[in-house]
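# Inside the fold
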Amino acid sequence: MARSCGIVALMSEKLSRPALVIAAVICMCVVVSHMFGRSTISILLPAIRNDLVDSNTAAGVLGGSNFAGYIFGVIIVTLLAGRTEPIHMMRAGLAISAAALVLLAVAPSFLTLSVGVWLIGLGGAGIWVTAPALATANVPASRRGAVLGALTATMGIGLLGLSQGTTLYRRVVDNEDAWRPIFGIEAAIAVVILAAAFLLVRPRPTDRQVERGAIVSASALRSIPQWKLLLACYTMFSALAGAWTQFLGLALKADAGFSSTHVNNLFSVFAVAGIVGPLALGQLSDRIGRDRTLAIAGAVCVAASLLLTLNAEPWSSIAVGLYGGGSFSIPILTAAAVRDHLDDRSFGSAYGTITILYGFGSFAAALIAGVIADWRGSFDLVYVLLAMLSGLSSVMALIRFRMLASEGASHQPLNS
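Residues numbered from 1 in each chain as written. Predicted model: local features only at pLDDT ≥ 70, side-chain atom pairs only at ≥ 80, totals over all residues. Heavy atoms only, no water.

### Focus: the overall build of the protein
Test applied: Counting from the N terminus, the helices are DSSP H or I runs at least four residues long and the strands are E runs at least two residues long. Working definition: with a 1.4 Å probe on protein chains only, accessible area under 20% of the residue-type maximum means buried, over 50% means exposed, and in between means partly exposed. Here, residues are in contact when the closest pair of their heavy atoms is within 4.5 Å. For every accessible area listed, the method is Shrake-Rupley and the probe measures 1.4 Å; residues are considered covered only by the protein chains on display.
In terms of helices and strands, the protein carries 16 helices and zero strands. Sorting the 416 residues of the protein into buried and exposed places 60% on the buried side. Within the protein, contacts between residues separated by at least 24 positions form 84% of all contacts whose residues are at least 6 apart in sequence. Surface exposure of the protein reaches about 15,100 Å², of which carbon and sulfur atoms provide 66%.

### Describing the packing of helix α12 (residues 260-288) against helix α14 (residues 315-339)
Filter applied, for reference: To get an axis, a line is fitted to the C-alpha atoms, and for a helix only the part in contact is used. The angle between two axes follows their N-to-C directions and goes from 0 to 180 degrees. To sort the angles, those under 35 degrees are grouped as roughly parallel, those over 145 as roughly antiparallel, those from 65 to 115 as roughly perpendicular, and the leftovers as oblique. Whether a crossing is left-handed or right-handed is set by the direction in which the near helix is turned from the far one by less than a right angle, anticlockwise for left-handed and clockwise for right-handed. Put simply, Ala, Val, Leu, Ile, Met, Phe, Trp, Tyr, Cys and Pro go in the nonpolar bin, Asp, Glu, Lys and Arg in the charged bin, and everything else, Gly too, in the polar bin.
Put simply, α12 and α14 touch, their axes get as near as 7 Å, and they point 45° apart. When the axis of α12 is compared with that of α14, the two are oblique. Relative to α14, α12 is oriented so that their crossing is right-handed. Across the interface between the two elements, Leu266, Val269, Phe270, Ala273, Gly274, Gly277, Pro278, Leu281, Gly282 and Ser285 from α12 touch Ser316, Ser317, Val320, Gly321, Tyr323, Gly324, Gly325, Ser327, Phe328, Ser329, Ile332 and Leu333 from α14. Of the residues in the contact of α12 with α14, the class split is eleven nonpolar, eleven polar and no charged.

### With respect to the confidence of the model for the protein
Test applied: Known as pLDDT, the predictor's confidence for each residue is given on a scale from 0 to 100.
Chain-level statistics for the protein give a pLDDT mean of 81 and a share of 84% at 70 or above. Element-level pLDDT for the protein is lowest in helix α1 (residues 2-11), with a mean of 44, against a maximum mean of 93 in helix α13 (residues 290-308). Note that residues 1-13 has pLDDT below 50 and, in this model, 23 contacts with residues that lie over four places away or in other chains. Predicted confidence for residues 209-215 stays below pLDDT 50, and this span has 21 contacts to residues more than four positions away or in other chains.

### Quick notes on α12
Condition: How far a helix is expected to stretch is found by multiplying one less than its residue total by 1.5 Å.
With 29 residues, α12 should reach 42 Å at 1.5 Å per residue; the first-to-last C-alpha distance of 40 Å fits that figure. Phi turns positive, to about 105°, at Gly289, one or two residues after α12.

### Comments concerning the packing of aromatic side chains
Applicable threshold: The criterion for an aromatic pair is that two Phe, Tyr or Trp rings (for Trp, the six-membered ring) have centres within 6.5 Å, with stacked assigned to planes under 30 degrees apart, edge-to-face to planes over 60 apart and tilted to the rest. For a ring to carry a charge above it, either NZ of a lysine or CZ of an arginine must fall within 6 Å of the ring centroid while also lying within 35 degrees of the normal to the ring plane.
Tallying each qualifying case throughout the model produces twelve aromatic pairs. Where Phe270 meets Phe328, the ring centres are 5.3 Å apart and the plane angle is 70°; that geometry is what we call edge-to-face. Separated by 58 residues along the polypeptide, Phe270 in helix α12 and Phe328 in helix α14 bring together distant segments of the chain. Exposure remark for Phe270: the relative accessible area of 3% places this residue in the buried category. Residue Phe328 is classed as buried on the basis of its relative accessible area of 7%. Pairwise contacts between aromatic rings join Trp244, Phe267, Phe270, Tyr323, Phe328 and Tyr383 into one cluster. Taking NZ or CZ as reference, Arg376 lies 5.3 Å from the ring centre of Trp375, over its face.

### Focus: the pattern of salt bridges
Here is the rule: What makes a salt bridge here is a side-chain nitrogen of Lys or Arg within 4 Å of a carboxyl oxygen of Asp or Glu, nothing more.
One pass over the structure, following the stated rule, counts three salt bridges. The salt bridge involving Arg180 is made with Asp51; its shortest N-O contact spans 3.1 Å. On the criterion of sequence distance, the pair formed by Arg180 in helix α8 (residues 180-199) and Asp51 in helix α2 (residues 17-51) is long-range, its members being 129 residues apart. By relative accessible area, Asp51 is classed as partly exposed at 41%. Asp291 serves as the salt-bridge partner of Arg400, at 2.7 Å between the closest nitrogen and oxygen. Highlighted residues: Arg400 in helix α16 (residues 380-407) and Asp291 in helix α13, separated in sequence by 109 residues. Here Asp291 falls in the buried class, since its relative accessible area comes to 7%.

### Here we look at the environment of Val106
Positionally, Val106 belongs in helix α4 (residues 86-106). Each C-alpha atom of the pair Val106 and Phe183 lies 8.8 Å from the other, and the pair is 77 residues apart in sequence.

### So, unusual backbone geometry
Glu313 connects to Pro314 through a cis peptide bond whose omega is 5°. As for its placement among the helices and strands, Pro314 is situated in the loop between α13 and α14. A positive phi is found at Gln226, a non-glycine position, where the angle reads about 50°. When you line up the elements, Gln226 lands in the loop between α9 (218-222) and α10 (227-243). You can call Gln226 partly exposed: its relative accessible area is 23%. Even without being glycine, Asn311 reaches a positive phi, approximately 55°. Here Asn311 lies in the loop between α13 and α14.

Structure follows, in structure tokens:
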């Protein structure tokens, strides 16, 4: 964690000390929203499947519950963006996430588990939708891609610790299917991070510039050049976010026949790639533009999805590594494309609106993928379909790049 915050410091040397403290705490906050939420569920799903989940369809419902909570949370954040400080919504998200982790640690039934998963999706929305604006509040436009890449790389570091920590804990207790204590440990860490968010993060007040009471802020979205194509690109990717990692552990065990330890090691490969990919592609986007870099990330995810269906090493490791680098980069590249043209509160409203559709796509993908896996008896068709959607996402990004180029407009980023 300290290493990731050091990366942020190197990426933004001109920031003041208070700004660096904020960036460091936000690094830890996004670990709670994504690693303690979605990724932990993915890693522990094979063990949970043996305990409280009786089919891949039910596992899809579990993943869908996470994104249903996320959608609801994004709607709330978007509604409140014009009247509430972003830091208040982030703190609320942390508190909800900590409570959800406690519930997951003691869940006695599938219903309780689903409620906990829904709540952690709800809390994650309050954290993630506000994080990019808070992290880049005092960052020049020329460095936003790099800083947001470092922010996302923090999640990769968190995932690396999570996957290896899970393996270590299971060895200590001599139980390959242990999962409840993992959520309990994460709950304690989340409480510490929540305390840091109250004590150390005190950003300056933001301006109220967004329409109140509207889920969709049309004026904010129209400020983003070719926003419809950007929305299409991100929505196509949402299917991968909902299903690719959610079923990865099950696919590696059921289709490839890997052991729990090997599966956790592959999640570590995923994590390392999730550190390197956003840092590299974030900086690349500062040089060649967000859209071309988004197209590259999408193409990487196509290759990863197809390679995973080979169900053998070294292809599984290569696939997981490629997907880690590409998938960790797409959200921050999209966020940077939005942040380039909007201020703090407008960003929260516009990015929240975009994320609502992202949440619906992820929700549907998680449900449909589970049904397909039960129907086919494997996850191969799921990953082929995800490769196709990732290819469409990449095409949307390229079309947006060409449209902007043909308009001959500079669309200078907002430098605030």
